[in-house]
Amino acid sequence: MSRPVRVRIAPSPTGEPHVGTAYIALFNLAFAKKNGGKFILRIEDTDQERSRPEWERQIMEGLRWLGLLWDEGPDVGGPYGPYRQSERAEIHKQHAERLVEQGHAYRCFCTKERLDALRAEQKAQKLNPGYDRHCRDLDAATIQANLSAQKEFVIRMKMPTEGQTTVHDLLRGEVQFENGGVDDQVLLKSDGYATYHLANVVDDHLMEITHVIRAEEWINSTPKHILLYQMFGWEAPVWIHMPLLRNADKSKISKRKNPVSILDYKQRGFYPPAVLNYLAMLGWTMPDGRELFSFQEFVDNFSFDRMHLGGPTFDMEKFTWLNGKYYREKLSDEDLVQDFREQLFSADYLRKIVPLVRERINKGEDFIPATDYFFSGDVTLDVEAMKPKKKTYKELVAAFEPYTERIDAQVDFSASALEAWTRAFTEELGFSGKELFPAIRIAISGREASPPLFDTMSALGRALVRRRLRSALAALKAAATEENKRLQKEASEAKKLADAAAKASKETPADPSAVQATLAAMVEPVAVPEGPDKKGR
RNA sequence: GGCCCCAUCGUCUAGCGGUCCAGGACGGCGGCCUCUCACGCCGCAGACCGGAGUUCGAGUCUCCGUGGGGUCACCA
């Protein structure tokens, strides 16, 4: 008799809710609904370095916004809790110990330094990287000595060195792996927390997960998971590895090439059912080929048979078209009024904006023109105005790029936190606030004057700020390229001039003023780049 | 690089051996509708990665290439 279907998603709270998480969640939920099963949310926060409660909150917010609701999870509870792995650390530890006792795992005392050196050596010799199993067969005395010396250790899995492990993937059939090619994975880190491999197996078993539906990037570690199930003597779930969402260049979808946070789409005013509809049609098709369908219709017709395994490109253009289709065909005027009111002009959002502009306007009709950049997507940029007088575009890019990069890691998006962080970071980048802040202001608002920068950023929110910083960065890079071309041209012209002057000075006795002029020609355009620049475009 | 996955129009895909001179959608182009724009409608261009094999017959099955992707952490 088969067990009731239970599936889960296991996001790691190390960043904003990812569109890939939503994609996998959607198929898990559909499968659960189709089979009358349960859908579980489990937070995989065993990475103490990077996990943040704030990200966990946002992941839940993003999934909830889309209507991808879980039956059991850290917030709603359930009979198999706790649903946050950090709270299950003791369980994981016990299981790791059990494997050690049974001889399926061992303590490894190798230091980070040793492992790094090992990897470097392997790389130098063009060998396959991997742990050399140095601690696999330590004698009891040595282990005891290390333990008494309080040496830090991890627990590693003792992989068989022979034979194969077959993954029976529902989508891909039998996938074979040589056990010898699989590393002795770390199961328990020296901080006492489990790695993904241990935690996901133990928790999936304890939570009675029947089907593991996850992204294809996991398929290579599935043999380890299967072996773990065997070592514990447990029944493994059914494996289903979904294709990976891609950028336009076919690489795994990433934030540098696509808006990747669910909250980006929320902020852009996409309509949740349209988002689900679009995600569902990446790799999956309705039996009758319909492209417009509801989540319920998706569930009713769902089957993994209809999955296409090539990694689909996330195409903003088609996605946008589909969203428009919902506006035109699925939503009434009243629906749109509601949606706009909740998403675009929510009281929460207006409450952030009004305090920033009330001193700057005198009557209601001034509000929209004064705040248009709070309600639109991209903004028109005056790239020239962004450049500090004494810096080049290249230098500005060199500061803007890391700034843009690190905004994603900025957990606290309050004005004061942004200000403290930005000021420190600006200094680190070798810029003064006077130089960098105006550029940021223009990037995020399209204006040279706005309410206080950090209040404005905080109110705009991470999604919009990131988006505008990225597009400003692209514009600056283009300007830097132009600038570079111009400088090279000027340098070559200066060289010509110098050559001519040198030639002239050979023919006639040295003329100090000619040399002066030549030197000036060589130096000046570089020192004052904005001079000849402006009329050039 | 080793291992693993994948492979039909630019993109998302239909196709589960004959009904495919390969169908639909986005995008592109042209037209119609129309006070404008948009929507909508009509039409056009556009693909089976290559080579062997199996078969009476291959986009569909097998193998080998090629290409793309993933993965090789005390991250998930």
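Residues numbered from 1 in each chain as written. Chains lettered and ligands numbered in written order. Predicted model: local features only at pLDDT ≥ 70, side-chain atom pairs only at ≥ 80, totals over all residues. Heavy atoms only, no water.

(A) Just the overall build of chain A, in detail. If you tally the helices and strands in chain A, you get 22 helices and 9 strands. Seen through its principal axes, chain A has C-alpha atoms that stretch 95 × 70 × 45 Å. Summed over its atoms, the accessible surface of chain A is roughly 27000 Å², and 52% of this surface lies on carbon and sulfur atoms. Separation of charge centres in chain A, based on 76 positive and 79 negative side chains, amounts to 2 Å. (Helix = DSSP H or I, 4+ residues; strand = E, 2+ residues; numbered from the N terminus. Areas by Shrake-Rupley, 256 points an atom, 1.4 Å probe, with all protein chains shown as cover. Lys, Arg positive; Asp, Glu negative; His and termini not counted. Charge placed at Lys NZ, Arg CZ, Asp CG, Glu CD.)

(B) Focus on the pattern of salt bridges. Tallied over the entire structure, the rule returns 43 salt bridges. Between E16 and R466 there is a salt bridge whose closest N-O contact spans 2.7 Å. In this pair, E16 is assigned in the loop between strand 1 (6-9) and helix 1 (19-34) and R466 in helix 20 (residues 462-507), connecting sequence segments 450 residues apart. Considered together, E16 and R466 belong to a single accessibility category, that of buried residues. Where K363 meets E365, a salt bridge forms, and the shortest distance between an N and an O atom there is 3.5 Å. A relative accessible area of 43% means that K363 is categorised as partly exposed. (Salt bridge = Lys/Arg side-chain N within 4 Å of Asp/Glu carboxyl O. Buried < 20%, exposed > 50% of the residue type's maximum accessible area, 1.4 Å probe, protein only.)

(C) Representation of the layout of surface pockets in the model. Approximately 990 Å³ is the volume found for the second largest pocket. K266, Q267, K352, L460 and G461 are the residues nearest the centre of the second largest pocket, which is lined by 33 residues in total. Taken together, the elements giving at least two residues each to the lining of the second largest pocket come down to helix 2 (53-66), helix 8 (262-267), helix 12 (333-343), helix 13 (347-357), helix 19 (453-460) and helix 20. Taken together, the residues of the lining of the second largest pocket sort by class into 13 nonpolar, 8 polar and 12 charged. (1 Å grid on protein atoms, 1.4 Å probe; cavity = no way out; pocket = protein on both sides within 12 Å on 5 of 7 lines; lining within 4 Å. Points joined across faces, edges and corners; volume = space filled by probe spheres on them. Nonpolar A, V, L, I, M, F, W, Y, C, P; charged D, E, K, R; others polar.)

(D) Spotlight on the protein's contact with RNA strand B. Residues in contact with RNA strand B amount to 49 residues; listed here are only the nearest, R172, K189, S190, G283 and E291. Sugar and phosphate atoms form 79% of the subset of RNA strand B atoms that lie within 4 Å of the protein. A distance of 2.8 Å separates a base oxygen of RNA strand B from a polar atom in the side chain of S190. Backbone polar atom of T313 to a phosphate oxygen of RNA strand B: 3.0 Å apart, as the coordinates give it. Within the residue set of the surface near RNA strand B, elements represented by two or more residues are strand 4 (154-157), strand 6 (173-178) and helix 11 (316-330). Of the residues assigned to the surface near RNA strand B, the class counts are 16 nonpolar, 14 polar and 19 charged. (Near = heavy atom within 4 Å. Polar contact = N/O pair within 3.5 Å; in protein donor to acceptor, adjacent residues only side chain to side chain.)

(E) Representation of the packing of helix 1 against helix 9 (residues 272-280). In contact at an axis separation of 10 Å, helix 1 and helix 9 are set at 80 degrees when each is read in the N-to-C sense. On the basis of their axis angle, the class for helix 1 and helix 9 is roughly perpendicular. Along its contact with helix 1, which presents V19, A22, Y23, L26 and F27, the element helix 9 presents L276, L279 and A280. Looking at side-chain class alone, the contact of helix 1 with helix 9 contains 8 nonpolar, no polar and no charged residues. (Axes fitted to C-alpha atoms, helices over the stretch in contact; angles between N-to-C directions. Parallel < 35°, antiparallel > 145°, perpendicular 65-115°, else oblique. Contact = heavy atoms within 4.5 Å.)

(F) Seen up close, the packing of aromatic side chains. Summed over the entire model, instances satisfying the criterion amount to 34 aromatic pairs. Between F302 and F304 the ring centres are 4.9 Å apart and the planes differ by 80 degrees, which places this aromatic pair in the edge-to-face class. Here F437 and F454 contribute two aromatic rings whose centre-to-centre distance is 5.3 Å and whose plane-to-plane angle is 90 degrees, an arrangement assigned as edge-to-face. Highlighted residues: F437 in helix 18 (residues 433-445) and F454 in helix 19, separated in sequence by 17 residues. By relative accessible area, which is 6% here, F454 ends up buried. An aromatic cluster is defined as three or more aromatic residues linked by ring pairs; in this entry it consists of Y23, F27, F31, W284, F293, F295, F298, F302 and F304. (Phe/Tyr/Trp six-rings, centres within 6.5 Å; stacked < 30°, edge-to-face > 60°.)

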